[in-house]
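Given next are the chains, with one letter for each unit.
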Amino acid sequence: MSHTTINPESLPKPSGFAHGILAGNTVFLGGQTALDKNMNIVPGGIVEQFTQAFTNVLTTLREAGGQPEDLVNVTIYLTDVDDYMANGREIGRIWRDMAGSQYPAMAGIGVTRLWQKEALIEIQGIAVIPER
């Protein structure tokens, strides 16, 4: 099966990876941290970083022709699970504002660190785009 690389111009230019791969009607969304267009992790804590990382994921998904409701699986990597849980209500509100109240299968995984030392969170996902 052929596939298409998805690298939105509004995201940092990838080097050695793709932001997303469209294979058939399935989009594999590469892990996104809270990098802005200038390759800087956004200031603030886990809430701000979640917002930017999830924005990056959704930007790639939309570039591939998908919508937030097409997400079927999301994995969230966290350097501080307790901090994420303490801010869970706010993060949940932001999720609903950005993606609605339909949730995909999800996992949260605690890790020692991420690629950028300042990163607190990385989000990757899989979406299946239905025929519209």
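The following paragraphs examine the structure supplied in this document. This structure is a prediction, so every number in the text was calculated from the model and none was measured. (Residues numbered from 1 in each chain as written. Predicted model: local features only at pLDDT ≥ 70, side-chain atom pairs only at ≥ 80, totals over all residues. Heavy atoms only, no water.)

### Digging into the pattern of salt bridges
Following the criterion strictly, the structure yields two salt bridges and no others. Its salt-bridge partner being Arg93, residue Glu90 comes within 2.7 Å of it at the nearest N-O pair. Placement of the pair is Glu90 and Arg93 together in helix α3 (residues 88–99), with a separation of three residues, close to one helical turn. Here Glu90 falls in the partly exposed class, since its relative accessible area comes to 33%. (Salt bridge = Lys/Arg side-chain N within 4 Å of Asp/Glu carboxyl O. Helix = DSSP H or I, 4+ residues; strand = E, 2+ residues; numbered from the N terminus. Buried < 20%, exposed > 50% of the residue type's maximum accessible area, 1.4 Å probe, protein only.)

### Brief notes about unusual backbone geometry
Even without a glycine there, the phi angle at Met39 is positive, about 70°. Position of Met39 among the secondary structure elements: in the loop between β3 (26–32) and α1 (46–63).

### Quick look at α1
For α1, spanning 18 residues, the distance from its first C-alpha to its last is 25 Å, which sits close to the expected 26 Å at 1.5 Å a residue. Within α1, burial applies to Ile46, Val47, Gln49, Phe50, Gln52, Ala53, Phe54, Asn56, Val57, Leu58, Thr60 and Leu61. (Expected span 1.5 Å × (residues − 1).)

### What to know about the environment of Ala107
Assignment of secondary structure puts Ala107 in strand β5 (residues 105–110). Between the C-alpha atom of Ala107 and that of Asp80, which follows or precedes it by 27 residues, the distance is 14 Å. Discounting residues that sit within four places of it in the chain, Ala107 has contacts with Val74, Thr75 and Ile76. (Contact = heavy atoms within 4.5 Å.)

### Description of the nonpolar core
Grouped together as the largest cluster of nonpolar side chains are 26 residues, with contacts concentrated most on Val27, Phe50, Phe54, Leu71, Tyr84, Ile121 and Ile123. The element best represented in this core is α1, accounting for eight residues. Excluding its chain neighbours within four sequence positions, the residues that come into contact with Val27 are Ile21, Leu22, Leu61, Ala64, Gly125, Ile126, Ala127 and Ile129. Leu35, Val42, Leu114 and Ala119 belong to the second-largest nonpolar core, a separate cluster that totals six residues. (Core = buried A, V, L, I, M, F, W, Y, C linked by side-chain atoms within 4.5 Å.)

### Some remarks on the environment of Met39
Since its relative accessible area comes to 49%, Met39 is described here as partly exposed. Sequence spacing of Met39 and Thr55 is 16 residues, and the spatial spacing of their C-alpha atoms is 14 Å.

### What to know about the packing of aromatic side chains
Per the stated rule, a full pass over the model turns up three aromatic pairs. A ring pair is formed by Phe54 and Trp95, whose centres lie 4.3 Å apart and whose planes are at 20°; its orientation type is stacked. On the criterion of sequence distance, the pair formed by Phe54 in helix α1 and Trp95 in helix α3 is long-range, its members being 41 residues apart. Trp95 matches Phe54 in its accessibility class, with the two residues each being buried. Their ring planes at 25° and their centres at 5.7 Å tell us that Trp95 and Tyr103 sit as a pair that is stacked. Residue classification places Tyr103 among the partly exposed positions, given a relative accessible area of 43%. (Phe/Tyr/Trp six-rings, centres within 6.5 Å; stacked < 30°, edge-to-face > 60°.)

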